[in-house]
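# Observations on the three-dimensional arrangement
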Amino acid sequence: MSVVRSVKLRVPAATARPGPAIGQALGPLGVNMAEFCKVFNERTEPIYEKDTPLSVTLIAKTDRTFDFTVTTPPTSYMVRQAAGLEKGANSPSPSGPAHGFITPEAIYEIAKIKQQDDLMWHLPLQSIAQSVIGTAKSMGIRVRDEPEEKPETGEKEEKESSGDEK
């Protein structure tokens with residue numbers, strides 16, 4: 001048995017259904033879509049929350065069997081989840097206002113998760129964390145050390161400090 005072709009898919013965890021999105025990719029390969037969905041859902045349900053987007057690399061074989069590997073969710077998805085946002089900024093700007101904030105601890109946790117991928121196990125954690133920070137910046141999300149302050153506290157401190165300077 002030889003390999004027919006390799007296909008990359010983005011499939012929601014534990015909720016894959018044989019529909020047009022999966023069908024268009026797997027149909028020409030002769031792979032049974034229902035069987036793929038069943039196996040995929042069984043494999044991802046105990047690990048990930050439902051509807052978490054996952055990257056899947058499926059290898060179709062000539063005898064109509066298949067193997068597939070599942071990688072971690074996209075970095076942008078995990079950054080949005082950590083920042084508590086639905087989506088990133090429409091037009092992020094380094095000098096403009098931040099669309100959201102994420103903590104260094106969250107960056108570290110995301111980097112640890114991404115390091116589990118087959119293609120990243122050999123990279124230093126610091127390099128992966130820098131990549132996560134770059135992804136966050138491209139989405140208009142900034143890294144912040146401390147939790148967000150209340151505006152009233154910040155204004156009072158500014159008034160007090162401006163009074164001390166005079």
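Structure: see above.
An account of the accompanying structure is given in this report. Predicted, not measured: the structure shown is a model, and the values here were computed from it.

### Overview of the packing of aromatic side chains
Given two aromatic rings, one states the distance between the centres and the angle between the planes to describe the pair. Inspection of the entire model under this criterion finds 5 aromatic pairs. Measuring from centroid to centroid gives 5.9 Å for Phe36 and Phe66, while their planes differ by 70°, and the two rings are edge-to-face. Of this pair, Phe36 sits in helix H2 (residues 33–44) while Phe66 sits in strand S3 (residues 66–70); the two residues are 30 residues apart in sequence, bridging distant segments of the chain. Under the relative-accessibility criterion, Phe36 is labelled buried at 0%. Here the aromatic residues Phe36, Phe40, Phe66 and Phe68 are joined through ring pairs into a cluster of three or more. Sitting over the ring of Phe68, Arg43 keeps its end group 4.0 Å from the ring centre. Above the face of the Phe101 ring, Arg144 is positioned so that its terminal group lies 3.5 Å from the ring centre.

Calculation rules
Residues numbered from 1 in each chain as written. Predicted model: local features only at pLDDT ≥ 70, side-chain atom pairs only at ≥ 80, totals over all residues. Heavy atoms only, no water. Phe/Tyr/Trp six-rings, centres within 6.5 Å; stacked < 30°, edge-to-face > 60°. Helix = DSSP H or I, 4+ residues; strand = E, 2+ residues; numbered from the N terminus. Buried < 20%, exposed > 50% of the residue type's maximum accessible area, 1.4 Å probe, protein only. Lys NZ or Arg CZ within 6 Å of the ring centre and 35° of its normal.

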